[in-house]
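# Structural overview for review
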Protein chains: 12
Amino acid sequence: MTTIKSPLSKEAREVAGKALQGALVDLLDLALVGKQAHWNVYGRHFRSIHLQLDEVVAFARTSSDTVAERAVAIGVAADGRASTIAETSGLPPIDAGQLSDDDVVKLFIDAFGTIIGRMRERIDVTADPDPVTQDVLIGITSELEKQYWMFQAELA
Amino acid sequence: MTTIKSPLSKEAREVAGKALQGALVDLLDLALVGKQAHWNVYGRHFRSIHLQLDEVVAFARTSSDTVAERAVAIGVAADGRASTIAETSGLPPIDAGQLSDDDVVKLFIDAFGTIIGRMRERIDVTADPDPVTQDVLIGITSELEKQYWMFQAELA
Amino acid sequence: MTTIKSPLSKEAREVAGKALQGALVDLLDLALVGKQAHWNVYGRHFRSIHLQLDEVVAFARTSSDTVAERAVAIGVAADGRASTIAETSGLPPIDAGQLSDDDVVKLFIDAFGTIIGRMRERIDVTADPDPVTQDVLIGITSELEKQYWMFQAELA
Amino acid sequence: MTTIKSPLSKEAREVAGKALQGALVDLLDLALVGKQAHWNVYGRHFRSIHLQLDEVVAFARTSSDTVAERAVAIGVAADGRASTIAETSGLPPIDAGQLSDDDVVKLFIDAFGTIIGRMRERIDVTADPDPVTQDVLIGITSELEKQYWMFQAELA
Amino acid sequence: MTTIKSPLSKEAREVAGKALQGALVDLLDLALVGKQAHWNVYGRHFRSIHLQLDEVVAFARTSSDTVAERAVAIGVAADGRASTIAETSGLPPIDAGQLSDDDVVKLFIDAFGTIIGRMRERIDVTADPDPVTQDVLIGITSELEKQYWMFQAELA
Amino acid sequence: MTTIKSPLSKEAREVAGKALQGALVDLLDLALVGKQAHWNVYGRHFRSIHLQLDEVVAFARTSSDTVAERAVAIGVAADGRASTIAETSGLPPIDAGQLSDDDVVKLFIDAFGTIIGRMRERIDVTADPDPVTQDVLIGITSELEKQYWMFQAELA
Amino acid sequence: MTTIKSPLSKEAREVAGKALQGALVDLLDLALVGKQAHWNVYGRHFRSIHLQLDEVVAFARTSSDTVAERAVAIGVAADGRASTIAETSGLPPIDAGQLSDDDVVKLFIDAFGTIIGRMRERIDVTADPDPVTQDVLIGITSELEKQYWMFQAELA
Amino acid sequence: MTTIKSPLSKEAREVAGKALQGALVDLLDLALVGKQAHWNVYGRHFRSIHLQLDEVVAFARTSSDTVAERAVAIGVAADGRASTIAETSGLPPIDAGQLSDDDVVKLFIDAFGTIIGRMRERIDVTADPDPVTQDVLIGITSELEKQYWMFQAELA
Amino acid sequence: MTTIKSPLSKEAREVAGKALQGALVDLLDLALVGKQAHWNVYGRHFRSIHLQLDEVVAFARTSSDTVAERAVAIGVAADGRASTIAETSGLPPIDAGQLSDDDVVKLFIDAFGTIIGRMRERIDVTADPDPVTQDVLIGITSELEKQYWMFQAELA
Amino acid sequence: MTTIKSPLSKEAREVAGKALQGALVDLLDLALVGKQAHWNVYGRHFRSIHLQLDEVVAFARTSSDTVAERAVAIGVAADGRASTIAETSGLPPIDAGQLSDDDVVKLFIDAFGTIIGRMRERIDVTADPDPVTQDVLIGITSELEKQYWMFQAELA
Amino acid sequence: MTTIKSPLSKEAREVAGKALQGALVDLLDLALVGKQAHWNVYGRHFRSIHLQLDEVVAFARTSSDTVAERAVAIGVAADGRASTIAETSGLPPIDAGQLSDDDVVKLFIDAFGTIIGRMRERIDVTADPDPVTQDVLIGITSELEKQYWMFQAELA
Amino acid sequence: MTTIKSPLSKEAREVAGKALQGALVDLLDLALVGKQAHWNVYGRHFRSIHLQLDEVVAFARTSSDTVAERAVAIGVAADGRASTIAETSGLPPIDAGQLSDDDVVKLFIDAFGTIIGRMRERIDVTADPDPVTQDVLIGITSELEKQYWMFQAELA
C-alpha cells in the first residue's frame, strides 16, 4: 500500500498490520456466525438467545470496522473478503441447518474462548511496536471477555 | 428443518427457499465487498465513495436479515456462513489491496448488474408458489436498482 | 356506505371488503388474546413471553388499523365491536384464568397457524378485484408468518 | 390464582379485584368503540374527531393495561377476552356502519358519563380495602373526566 | 438516456417510463395545488384543512421523489419542470385567489378521484413489463385512496 | 434539622419522617442487592434475570431519591449511608459469591414480600399526619407490588 | 357553566371549584412573579437563581393548566385573567425594579410558605367532596414543598 | 437600574425601554387571555380552537421572555407583574365564564389587531435609537400578523 | 382578498404584495428546478451535487412557504400554481433530459445570480412600505447568497 | 477573491467585508478567551462560571462561522488564523495561569463592552452598502448584549 | 467462582480481582456518599453543589457497574453489599444530618484524593497481570481526577 | 498553580504538563486552520472538503478541551490564547486568501503528519510519569491517524 505514509516503521507496521488483519477476520467471522445462529437457533430459550446474538453481531460489526480502518491508517490494506474469512478465521466451524439453543451457547463459549486467546497474543506483540494499535485491541478484548462471561453464565 | 411448519406446500417451499437462499448469499457478499471497498478505496473521490459504500452495506445487511428470516419462516434453514458465501455468491470477485475510486465504481456497477439479473429471475419464479416471498424480493430489488443507477450516474 | 365513492366496482368492493372485514376481526382478536396471555401467563419463561406478547399486540393493533382504514377507503364500513369479534373471529378460544408459559406458546402457534391460513385465502381472492388491497394483506401476512416461526422455534 | 401471594386479605382482594375487573372491561370496550368510531365517522368535523378518538383509544389502552396488571399483582386473574367484554361492558351499544360526527360526540358523552359513574363507585368501595388500588382508579378517573368535558364542550 | 443501463427491455422500459412520468406530473401538481389551497383557504374549518393539506403536500412530495428516482433507475429521464406540469397534469384546474373551505374539500375530492383513476390504469399496464414499478405505484395508490376517503368523509 | 421550616407539625413530622427514613433504607438496599444479583447470577435464565434486575435497580434508585427528598422537604435529614443501610435495612441477607437463577428469584420474592409489608404499614400510619407523604408511598408500593408479581410468576 | 354536566353534586362542586380556582390564581401568580425575578435579579448568585426560577415557572405553568382544566371538567369556569390574579392572589407582593439575589430567595421562601399553607387547607376540604380533585392538589403540593426546601437550603 | 451599563445613550434607552415594556405587557396579557379562552371555550370548533390557543400562548410566552431580557440588556428593568398587566395592557377585556367559539375568534381578531397596531408604532420609534431592539420587535410582529391572518381566515 | 384586514395601507400592501408574489414564484421554481437536476444529473460529482440540490430544495420549499404566508397575512392572495410559475418565473430555463454535473453547477450559478438580483430589488422597494416584509426577504436573501457562493466555489 | 462574483458593488463589498473581517476576529478571540477562562478559573463560583463560559464559547463559535461565510459569500476571503487574531483582535488581553472567578467576570464585562461598541459601529456603516450583512450583525449583537447583561448582573 | 473460565492465570486473576473488588467498593460508597450529601447539603451554593453531586453519583454508578462486570468476566465474584461497603470502603466517613456546602466540598476533595491514591496503586499492580483490567482502571481514574480538580477549584 | 493538588509528583507533572500543553496548542491551531480552509477552499471538490473539514474541526475542538482539562486536573494551567498558538504551534503555516482544493488536501496531509509525529513523542515520554495522561494522548492520536489516512487517500 504505497499511497499511505505510515506513522510506523516498516517493522512495527508489519507486526501491527498482521495483528489487525487477524483480528479483522476473526471479528467478521464472529458477525457471520452470530447471524447464522440468530436465524437457525431453536429451543425453549430461542427468543433470549436470538436477541443476545444480535448484540454480538452489532459489536462484531462495529469493532471489525474499527480494526480495518486502523490497519489502513497505518498503511496496511485490510482484507475482509468471504474467501479470506473462510480460509483464515480462527473460529470453530458451525454446522448448516437448525441449531438447538444449548448447542449455540456451547458454540459461542468455544468461539469467544478461541478469539480471546488470539486477541491477548495480539495485545502482547503490539505493545512495543504500536501502543495505539494495542489500545484499540485492548478495548475490543474487554468487551469480548464480557460477552464470554455472559454465555458461560447461561450454561453454568 | 422439521421443527417449523411451513405455510407453503413442499414444492412451493423448495422454489421459494432456493430463491431466498440465493438472495441471502448475494446480499451478504454485497455487504462484505462493500466494506472491503469502503476500507481500501483511494482517489480524488475517496470520501464520497467511502460514505456511499456504507449506505450500500447498511442496506445489504438489513435486507439479508429480512431474506434469511423469511427463509426460516417458511421452514427453510438459512445458510450465511463465510464458506457458503465464498462458494456460491454470484458477485464478481474483488482484488485484495488498494482500489482506485474509478475501479470501485466500475466494480459495483458490475456487481449490481449481476445481482439485479438474478433477483429478477427470483421474482419471476416465486410469483406463483409464494406471493409473500415475491413481495419481499420486489422491495429489495427496487432499492438495488436505485443504487445501481447512482453508481452508473457517477461514471456517466 | 353511500357517502364514500369507491375506486372499485361493486363486485370488486364486495370481495375486497369481505376479506378486509375478516382480517380486521382476526387481528383485533389477536390483540385481545395477546393481552389476555400477557397478563395471565406464568412459568419459568414468564418474562420472555410477557415481552414477546406485547410485540404481537403492537403489530396486531397497527395492522388492524391499516386494514380497517383500507376497508373504509374502498367504501365498506369496518366493524370492530366486541360482539362482532366474539362472534366472527377465527381464532381458537382462550381459557379464563392463569396460563402456563407452555400453554401460551402452543396457543399462539395454533392461533397464528389459523390466521395465516385465512389470510392466504384472502390474498388469493383479492388478487384480481383489487391488487392494492392484496398488497396490504401480503405485507401483514409476511409479518404474521415471521411471528409464527418465532413461537414454533420456542417449542421446537 | 393460587400461584401469586396477594398483599391483601381475601376480603380486600375480592373487593379490589372486582373493581379492577369491572374497570378493565369498561376501558377495553372504550378502546374498541373508540376505534369503531375513528373509522366510521363522517361529517364536517370528521378530521378533528378522527384525531380526538385516537387520543381516547391511546389512553384507554394504556389504562386498561395498568388496571389488568394491578389485578394480577393482587392475585386476581384479569379477563379481557372479546366475549367477556361483549357480555359485561357497561358502555352503551354502538351501531354498525357509518356514524355522523354529531352522533359520535353524543355517543361518547353518554359513554364517558356511564364509565365515570361506575369508576366513582369503584373509588368509594376500594378506599378501605386497598388504597393502592384506589389511587390507580382515581388517576384514571381524573383523565376520563377531562375527556368527558372535552366532548361536552363540543356540543355545548 | 443512454448513460444508464436499464434492467428492463426497451418495450418494458417505455411502458413503465410513461406510467412513471405520468404519475410524477400528477403528484408534483398535487403538491403545488395542495400548497395553493393551504395558503388561500378560508372558512370555519380553515385550521383543520390548512393542516390536512400539509399532510397531502408532504406525501405528494415524498412520493413524487420516489417515482422520479424509479424512472431514472430504469433509464428514463424524469421531467418535473413547471411548464411540463402546467401542460400535462391530469388534475382539475384551481382558481387563483381565496378559496372557501367547502370548495377546497370538493376540489380535492375531484383531484384525488382523477389521480386515482389514472394510477389504477398505470398499475394495470405495468404489471407485466415491470412488477417492481407496479409495486411502487400500488403503494402510492393505497395512500391516495386513504386521503380520498378522508376528504369525502368531511363532506359526507 | 433546624434550617428547614417543615409544613408539618412536630408530631406529624416525626411520624412521616420515620416512615420515609425506613423506606429510604429499604429502597437503597434493594438497589444494592439488585446489583449484587445482577452481577453474580448464573443459570439458564441468566440473561432474562440479569436484565430484569436492572429494572429493579433503576426503580429502586429513582424512588429512593424521591423518598429522601420528601424527607428533607418536611424538615427531616435523610440517612442513606452504607453503615445505616447495613444496620437498619429490612431486607433478607444475600450471600456473597455466585447465585443460581432460581435462588435469585426466590430471594427477590422474599425481599419484595418483606418490603411491601413494611410499606403498607407506612401507608397506614402516614394517612392522617401527612397525606402528601402517604401519596408518595402509595405510588412506590404500587410498583413494588407489580414487580413482586413478576418474580412470583417466574416461579409459579 | 350550564353546558358541562358535573360528575359531582352541587355542594361538592362548589367546594372543589373554590379550591381549584384559588390554586389556579396562586399558581399563575407564582409563574408571573417567577419571571419577574428571573429578569430582574442580580448578585453573585444571579445565574444559579436565574435558572432555578425558570424551573419554578415551568412547574407553575404546567400545574396551573392542570388545575384549570380540572375545574372546567367538574363544571366550574376557570378565571385566570390578570385582574383576577392581581386582586385575589395569596402571594406576597414583589417590588418593581432590580432585586438582589438574597431578596429573591427570601421572597420565594415567603411565597412558597404562603401557597403551601393554602394548598394544605384545600387538600383538607376536598377530601370528602372529591378525592379526584384532592389527588391533583396533593401532587402539586408535593412539588411545591420540594421547591420550598430548595430555596430554604440556599439561605440556611 | 444603575447596575447595568447600557450600550445605548440615555435618550435611546428611554425610547427603546418604553417600547419593550409596552410590548412585554401586551404579550404577557396575550398569554393569560389565551389560556383563559383555552379553558373556557365551547362550541362545535372547541377542539381546533383549544389547540390553536396553546400555540398562541407558547408564542406569547417565548416572545415576552425575549422582550423582557432585551429590556434588561439595555439597562431597563422589566415589569411583568399581574397588577402592571391589569393596569397597562392594551388588549380588549375578556369576560369571565364560558365563551363560545365564535366569540373567542372575534375576541382574538380584535386582540391581534390592537397589539399589531401598537407593535408597528414601536417599530417606527425604535428604528433610529436602537436598530437591535427594532429587529427584535419586527420578528415578533411578523409572527403576530401570521396568527392574526389565521383567526381572520376562520371567520371569513 | 376582502376577508383579511391588512395591517398595511393599500399602497404599502400593493408594493409588498407584488414583491412577495415575485419571490414566491422564483422560490417555487427553484425547488422544481432543484429536483429536476437532482434526478437527472450525472458525472463524476453526481453524488455530491445530488445531495447538495436536496438542501437547495429544502430551503426553497421552506422559504416559499414563509413568503406565501406573509403575503396572505398582509391581505394578498398567493399564487403558486404550475402555470403561474411557468409563465412568471425569473429563473433561466432548464433542458429536459440528463444533465452533466458541470452544466448543473453552471445552471445554478446562473439561477442564483438572477434570483439574488431580483430579491435585492425587492428588499429596496419594501423598506419603507413594510419593514416586516423587508426583514423576511433579507433573511431569505442571506441564505440564497450563501448557496450562490457554494456553487461558484465548485467551479472556481 | 476573483472567483466569487459578489452581489455587491466594489465599494459596498469593501465596507461590508471590513466589518465582517473585524467581527470574525473579535468572535474567534472571544471563543479562545472563553475557553482559556473555562479551564483556568477558580473560586467559590467556579462551577457556575465554568458552565456559563461554555455557552459564550458555543455562541462565539457559531456566530464566527456565520460571519466568515457571509464574508466569503460577498466575495471577501475570511482570515481567522491565530496570528491574525493575535494581532488584530479588539479584546482586552487575558493573563496566563489561574484566574479567580471575580477576575473572570470583570474580564468578560470588559470584553463584551468592547466588542459591542465595535459591533454597533459595524451596524452603522453597513446599513447602506449592504442591509443583508447589517441584519447578520444585528442578530449577533443582540445576543452579545444579552450575555453582557448576565455577566454584569453577577457583579452587580 | 468455578463456573466461569477466566482468560487469566490464577495469579493474575487474584491480583486483578483484588484491585477490581477494591475499586468496586470505593465507587459504590462514592455513589452513596454523593447522594447523602446531595440530599443534606445547605448553604449559598446549595443548588450548584446539589447538581454537581448528581454528576458524581451518575459517574460512580456507571463505573462501579463496569468494574463489577469486569471482575465477573475474569472469574471473580463481585461483592457490593451494604455491609461489605460499610466495612471495606476507603472513603472518609460522612456525618449524619445536614451538611454545609463548604463542608461538602472539603469532604469530597478528601474523598477523591483518597480514592485516586488507591486507584493509582491498582493501576500499577495490574499492568503486568492484566492490561485489559488496567485500561478500565485508567479510564475511571482519568474522570475521578477531573472531578477532583473541579471540587478543588471551588475552594481555591 | 498552587491551588490544585496534583495526583502526580513534581517531576511527573512537569513532563505530563508539557506534553499536554503542546498537544493543546497543536489541536487548537488545527481547529483554527481547519475553519480557515473550510471557508476559503474552492475547486471541484469544494463541497466534500468543506464538509470533511468541519469534522476535523469538531474533533480538534473536543480533544483540545479534553487535553486542557487533563492539564488542569494534574495541576498545570492550560494556555490556549491566540498569541500562544501563533507562537508555539507546530503546524505548518497557511496562506491568507482563497485555497484550491488540492492545496488544502496537501496542507492537511502535511499538518496531520507533523502533529502525529509530535503526539507520538508525547506518548513515549508520558508512559512512565503518568499512564493516565498517556492513555488520553493515545486515544487522540488514533483518531488523528485515521483522519491522516483519509486525506492521503484523496490524493493517492
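Nothing here was measured: the structure is a model prediction, and the numbers come from that model.

## Let's talk about the overall build of chain A
The number of helices and strands found in chain A is five helices and two strands. Overall, chain A shows an N-to-C arrangement of helices and strands of α-β-α-α-β-α-α. Along the three orthogonal principal directions, the C-alpha set of chain A runs to about 55 × 30 × 20 Å. Expressed as a percentage of its 156 residues, the buried residues of chain A come to 67%. A separation of at least 24 residues holds for 84% of the contacts in chain A among residues at least 6 apart in sequence. Roughly 5000 Å² of accessible area belongs to chain A as shown, and the carbon and sulfur atoms make up 50% of that amount. Of the charged side chains in chain A, 15 are positive and 23 negative; the average position of the first set lies 3 Å away from that of the second.

## A closer look at the interface of chain B and chain A
Contact residues are listed per partner, giving 34 residues for chain B and 34 residues for chain A. Buried surface at the junction of chain B and chain A, both sides included, amounts to about 2600 Å², of which 57% is carbon and sulfur. When the buried surface of chain B facing chain A is broken down by residue, W39, R81 and Q98 of chain B rank first, second and third, together holding 26% of it. In this assembly, chain B and chain A are joined by two salt bridges. Two residues, K35 of chain B and D65 of chain A, come together in a salt bridge whose shortest N-O distance is 2.7 Å. Across the chain B-chain A interface, the total number found is 14 residue pairs in polar contact (both at pLDDT 80 or more). When contributions to the side of chain B that touches chain A are tallied by element, the ones reaching two or more residues are α1 (10–40), α2 (46–73) and α3 (82–88) of chain B.

## Section: the relation of the copies chain B and chain A
The two copies are related by a screw motion: chain B maps onto chain A through a turn of 180 degrees and a shift of 0.0 Å along the axis, at an RMSD of 0.0 Å. Each copy turns onto its partner about a two-fold axis. Closest approach to the rotation axis within chain B is made by the C-alpha atom of A82 of chain B, at a distance of 2.7 Å.

## Notes on the interface of chain E and chain H
Each partner contributes residues to the interface: chain E has nine residues there, and chain H has 13 residues. Between chain E and chain H, roughly 1000 Å² of surface is buried when both sides are summed, and carbon and sulfur atoms account for 54% of that area. Sorting the residues of chain E by area buried against chain H places R44, F46 and R47 of chain E first, and these three jointly supply 69% of that buried surface. Linking chain E with chain H are two salt bridges.

## Some words on the pattern of salt bridges
According to the stated counting rule, one finds 156 salt bridges over all chains in the structure shown. When the shortest N-O distance is used, the salt bridge between D102 of chain L and R44 of chain B registers 2.5 Å. Within this pair, whereas D102 of chain L is found in helix α4 (residues 101–126), its partner R44 of chain B is found in the loop between β1 (41–42) and α2, the two belonging to separate chains. One salt-bridge network, held together by shared partners, links R70 and D130 of chain A together with R120 and E145 of chain L.

## Focus: the packing of aromatic side chains
The full count for this structure, using the stated rule, is 48 aromatic pairs over all chains. With a centroid separation of 5.7 Å and 70 degrees between ring planes, the pair formed by F46 of chain B and W149 of chain L is classed as edge-to-face. Of this pair, F46 of chain B sits in helix α2 while W149 of chain L is found in helix α5 (residues 131–155), placing the two residues in two different chains. In this pair, the class of F46 of chain B matches that of W149 of chain L, namely buried. Ring centres 5.5 Å apart and planes at 20 degrees place the aromatic pair F108 of chain G and F151 of chain G in the stacked group.

## A look at the relation of the copies chain E and chain H
Each copy superposes on the other: chain E lies on chain H with an RMSD of 0.0 Å after a rotation of 120 degrees and an axial shift of 0.0 Å. The superposition of one copy onto the other is thereby described by a three-fold rotation axis. Measuring from the rotation axis to each C-alpha of chain E, the shortest distance belongs to S48 of chain E, at 4.1 Å. Both copies present different contact surfaces, since only 11% of the interface residues of chain E are interface residues in chain H too.

## Thoughts on the side chain of H45 of chain F
Checked against the element boundaries, H45 of chain F lands in the loop between β1 (41–42) and α2 (46–73). The residues touching H45 of chain F, leaving out its near neighbours within four places in the chain, are H45 of chain A, R44 and H45 of chain C together with D101 of chain F.

## Here we look at the confidence of the model for chain A
The share of residues in chain A with pLDDT of 70 or more is 99%, and the mean pLDDT across the chain is 96. Reported confidence for the predicted complex is 0.96 by ipTM and 0.97 by pTM.

## Some remarks on helix α1 (residues 10–40) of chain H
Owing to its 3.6 residues per turn, the α-helix aligns residues three or four sequence positions apart on the same side. Taking 1.5 Å per residue as the helical rise, α1 of chain H with its 31 residues ought to reach 45 Å, and the 45 Å between its terminal C-alpha atoms agrees with that figure. With 24 of 31 residues buried, α1 of chain H lies mostly within the body of the structure.

## Topic: the arrangement of the chains
Between chain A and chain D there is no contact, and the shortest C-alpha to C-alpha distance separating them is 22 Å. The two units chain A and chain G never meet; even their closest C-alpha atoms stay 39 Å apart.

## Brief notes about the packing of helix α5 (residues 131–155) of chain B against helix α5 (residues 131–155) of chain C
Two numbers describe how α5 of chain B lies on α5 of chain C: the axes approach to 9 Å, and their chain directions differ by 100 degrees. One way to sum up the angle between α5 of chain B and α5 of chain C is to call them roughly perpendicular. Touching P131, V132, D135 and V136 of chain B of α5 of chain B are D135, I138, T141, S142 and E145 of chain C, all from α5 of chain C. A breakdown of the residues in the contact of α5 of chain B with α5 of chain C according to their chemical character gives four nonpolar, two polar and three charged.

## Digging into the environment of D79 of chain B
Here D79 of chain B lies in the loop between α2 and α3. Residue class for D79 of chain B comes out buried when judged on its relative accessible area of 15%. Discounting residues that sit within four places of it in the chain, D79 of chain B has contacts with Q36 and A96 of chain A together with Q21, L24, V25 and T84 of chain B. A distance of 3.0 Å separates the side chain of D79 of chain B from the side chain of R81 of chain B, its partner in a polar contact.

## Observations regarding the side chain of R122 of chain J
Structurally, the position occupied by R122 of chain J is in helix α4 (residues 101–126). Discounting chain neighbours no more than four positions away, the residues touching R122 of chain J are A19, G22, A23, D26 and L137 of chain J.

## So, the environment of G90 of chain L
All names here are of chain L. Inspection of the secondary structure assignment puts G90 in the loop between α3 (82–88) and β2 (99–100). Separated by 24 residues in sequence, G90 and T114 have C-alpha atoms that sit 7.1 Å apart. With near-sequence residues (within four places) excluded, G90 lies in contact with D26, T114 and R118.

## Observations regarding the packing of helix α2 (residues 46–73) of chain A against helix α5 (residues 131–155) of chain A
Residues and elements named next belong to chain A. Put simply, α2 and α5 touch, their axes get as near as 11 Å, and they point 170 degrees apart. Relative to α5, the element α2 is oriented roughly antiparallel. Mapping the contact onto sequence places I49, Q52, L53, E55, V56, F59, S63, T66, V67 and R70 in α2 and V132, T133, V136, I140, E143, L144, Q147, M150, F151 and E154 in α5. For the contact of α2 with α5, the class distribution of residues is 11 nonpolar, five polar and four charged.

## As for the environment of S142 of chain J
Within the element layout of this structure, S142 of chain J appears in helix α5 (residues 131–155). Overall, S142 of chain J belongs to the partly exposed group, its relative accessible area being 22%. In this structure S142 of chain J touches R70, V132 and V136 of chain H, once residues within four positions along its chain are discounted.

What counts and what doesn't
Residues numbered from 1 in each chain as written. Chains lettered and ligands numbered in written order. Predicted model: local features only at pLDDT ≥ 70, side-chain atom pairs only at ≥ 80, totals over all residues. Heavy atoms only, no water. Helix = DSSP H or I, 4+ residues; strand = E, 2+ residues; numbered from the N terminus. Buried < 20%, exposed > 50% of the residue type's maximum accessible area, 1.4 Å probe, protein only. Contact = heavy atoms within 4.5 Å. Areas by Shrake-Rupley, 256 points an atom, 1.4 Å probe, with all protein chains shown as cover. Lys, Arg positive; Asp, Glu negative; His and termini not counted. Charge placed at Lys NZ, Arg CZ, Asp CG, Glu CD. Buried area = accessible area lost by both parts, 1.4 Å probe. Salt bridge = Lys/Arg side-chain N within 4 Å of Asp/Glu carboxyl O. Polar contact = N/O pair within 3.5 Å; in protein donor to acceptor, adjacent residues only side chain to side chain. Least-squares fit on C-alpha atoms with pLDDT ≥ 70 in both. Phe/Tyr/Trp six-rings, centres within 6.5 Å; stacked < 30°, edge-to-face > 60°. pLDDT = per-residue confidence, 0-100. Expected span 1.5 Å × (residues − 1). Axes fitted to C-alpha atoms, helices over the stretch in contact; angles between N-to-C directions. Parallel < 35°, antiparallel > 145°, perpendicular 65-115°, else oblique. Nonpolar A, V, L, I, M, F, W, Y, C, P; charged D, E, K, R; others polar.

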